[in-house]
Every structure is written in structure tokens, then in C-alpha cells.
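Structural overview
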Amino acid sequence: MNKRIAICPGSFDPVTKGHLDIIRRAASLFDEVIVLVSINPAKADTTFSVDERTDLVRRVTKSLPNVRVDSDSGLLADYARRAGACALVKGLRAVSDFEYEFQMALTNKKLYPELETLFLTTNLEHMYLSSSIVRQVAAFGGDISDFICPEILDDVRRRLEEKRRALHTD
């Protein structure tokens, strides 16, 4: 029997408790889940480097034996084909997420017809949560401990505080 491999792609800048919820749920549905830290040229101003984001995701998923973390800067459909993936798993918070994700799902299906996209709705406790919200709260000195996993909280806080100080000294 072939292994069912899924990919959870994202920029994860930084990875949040909402991301981890989707990754855990995907891990319960598939034999293997690859969390793919995407390098998106449109998001060139990231807070964390790709290596740092990959490390953060590895640290929060280390207890999930069927999850591995990778990064890539190419087309997601091409990566999925090389990895032998049968599905992409994407989290949806709101209807506004769906329009963009639906367009991407159709594009990926056109590029790699064997690839399915599954949408998992975010748990209610994480419905509002995104990496950009975490960065915005931190930019104003707010507490992000409810948004970020404890294993990486100090590192994320430190980086976001450095960024906040840099913005206020310019």
C-alpha cells in the first residue's frame, strides 16, 4: 500500500498555535505530513529567515512522529510531485481566506492533476489568529503568549522585540 503523504504549506512567520492545530489534525489523517516552509518572493520582508522558520516549526512539531519539515522556493505543485504527495492541507479562518485558497487549489490541480487540496476549518479558539496578528500585537508591546507555542515563545518574543525597537529608533 502506498503511503498517503500530505503537505501543509505556509510562510510560518512565525508559526502559531493555529498552524500547529492544523498540522496535528493533518497528521491524524495522513501517513506522513510535510510542513513546507514556503519561500514566497511576494513576502520578502519576513521577520524570520527561512532557516529560522524551519527550525521553529521543527521544534513545535517534534512530538509528531509522522511530521517532517522542509523548505522550498519553487512551485508547490512541483514540490508535491517530487515528494509523492497526494494532498495539500490548508487551514481556513474565514470566508475571505477561501477566495485566495480556492484559486490556488485550482491552479495546483491544473499543474498537478493528482494533487487534491483539503481545507480544514480552524478551531474557534484560533479563528482570529495569524502570523501577521502576532507580529502586530508584538509591535505594540502586547503579550503574544496565547498565540505562540511555549517551546518557541522566548525566541519569537526576542526577535519581535528586536524588530519593535529597531522600528522605534529609526
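All values reported here derive from a predicted model rather than from experimental measurement.

Secondary structure assignment for the protein chain yields 6 helices and 5 strands. Taken against the 2.2 N^0.38 rule, which gives 15 Å for 170 residues, the C-alpha radius of gyration of the protein chain at 16 Å falls within 12% of a compact globule. If you line up the protein chain on its principal axes, its C-alpha atoms span 55 × 30 × 30 Å. The buried share of the protein chain, taken over its 170 residues, is 42%. Sequence-distant contacts, at least 24 apart, represent 77% of the contacts inside the protein chain between residues at least 6 apart. Element-wise, carbon and sulfur atoms account for 53% of the exposed surface of the protein chain, whose accessible area totals about 9500 Å². Across the protein chain, the 24 positively charged side chains and the 25 negatively charged ones have centroids separated by 2 Å.

Bringing the packing of helix 5 (residues 131-139) against helix 6 (residues 150-169) into the picture now. At their nearest, the axes of helix 5 and helix 6 sit 9 Å apart, and the two run at 55° to each other. Taken together, the axes of helix 5 and helix 6 lie oblique to each other. Here helix 5 and helix 6 pass one another in a crossing that is right-handed. Seen from helix 5, the contacting residues are Val 134, Arg 135, Ala 138 and Ala 139; seen from helix 6, they are Leu 160, Arg 164 and His 168. A class-by-class count of the residues in the contact of helix 5 with helix 6 yields 4 nonpolar, 1 polar and 2 charged.

With that out of the way, let us pick up a nonpolar patch on the surface. On the surface, Phe 98, Phe 102 and Leu 106 cluster together to form a nonpolar patch covering roughly 270 Å² of accessible area. Relative to the helices and strands, Leu 106 is located in helix 4 (residues 95-111).

Here 6 bridges tie strand 4 (residues 87-92) to strand 5 (residues 116-121), and the two strands are oriented parallel to one another. By the bridge assignment for strand 5, Ala 87 is matched with Glu 116. Handedness of the β-α-β unit built from strand 4, helix 4 and strand 5 comes out right-handed.

This part takes up helix 1 (residues 17-29). Between its first and last C-alpha atoms helix 1 spans 19 Å; for 13 residues at 1.5 Å apiece the expected length is 18 Å, and the two agree. Where helix 1 is concerned, the buried positions are Gly 18, Leu 20, Asp 21, Ile 22, Ile 23, Ala 26 and Ala 27. Packed against the buried residues of helix 1 are strand 1 (5-10), strand 2 (32-38), helix 2 (50-61), strand 3 (67-72), strand 4 and strand 5. Among the residues of helix 1, the N-terminal cap falls to Thr 16, whose side-chain oxygen and the backbone nitrogen of Gly 18 are separated by 3.2 Å.

Turning to helix 4, a few remarks are in order. Here helix 4 contains 17 residues, and its C-alpha end-to-end distance of 25 Å stays within 8% of the 24 Å for a straight helix at 1.5 Å per residue. For helix 4, the full list of buried residues reads Asp 97, Glu 101, Ala 105 and Asn 108. Residues of helix 4 that are buried sit in contact with helix 3 (76-83), strand 4 and strand 5.

This part is about the side chain of Thr 54. Inspection of the secondary structure puts Thr 54 in helix 2. Residue classification places Thr 54 among the buried residues on the basis of a relative accessible area of 6%. Excluding residues that lie within four positions of it along the chain, Thr 54 makes contacts with Val 37, Val 69 and Ser 71.

The next subject is the packing of helix 2 against helix 6. It is at 9 Å that the axes of helix 2 and helix 6 come closest, and there the two elements cross at 155°. On the basis of the axis angle, helix 2 is roughly antiparallel to helix 6. Every pair of crossing elements has a handedness; the one defined by helix 2 and helix 6 is left-handed. Contact with helix 2, carried on its side by Glu 52, Leu 56, Arg 59 and Val 60, involves Glu 151, Ile 152, Asp 155, Val 156 and Arg 159 of helix 6 and no other residues of that element. Residue composition of the contact of helix 2 with helix 6, by class: 4 nonpolar, no polar and 5 charged.

What counts and how
- Residues numbered from 1 in each chain as written.
- Predicted model: local features only at pLDDT ≥ 70, side-chain atom pairs only at ≥ 80, totals over all residues.
- Heavy atoms only, no water.
- Helix = DSSP H or I, 4+ residues; strand = E, 2+ residues; numbered from the N terminus.
- Rg over C-alpha atoms; globule rule 2.2 N^0.38 Å.
- Buried < 20%, exposed > 50% of the residue type's maximum accessible area, 1.4 Å probe, protein only.
- Contact = heavy atoms within 4.5 Å.
- Areas by Shrake-Rupley, 256 points an atom, 1.4 Å probe, with all protein chains shown as cover.
- Lys, Arg positive; Asp, Glu negative; His and termini not counted.
- Charge placed at Lys NZ, Arg CZ, Asp CG, Glu CD.
- Axes fitted to C-alpha atoms, helices over the stretch in contact; angles between N-to-C directions.
- Parallel < 35°, antiparallel > 145°, perpendicular 65-115°, else oblique.
- Left-handed = near helix turned anticlockwise from the far one by under 90°.
- Nonpolar A, V, L, I, M, F, W, Y, C, P; charged D, E, K, R; others polar.
- Patch = residues over 30% accessible without salt bridge, like charges linked within 9 Å, V, L, I, M, F, W, Y side chains within 5 Å.
- Salt bridge = Lys/Arg side-chain N within 4 Å of Asp/Glu carboxyl O.
- Pairing = 2+ DSSP bridges.
- Right-handed = clockwise from strand over helix to strand, strands pointing away.
- Expected span 1.5 Å × (residues − 1).
- Polar contact = N/O pair within 3.5 Å; in protein donor to acceptor, adjacent residues only side chain to side chain.

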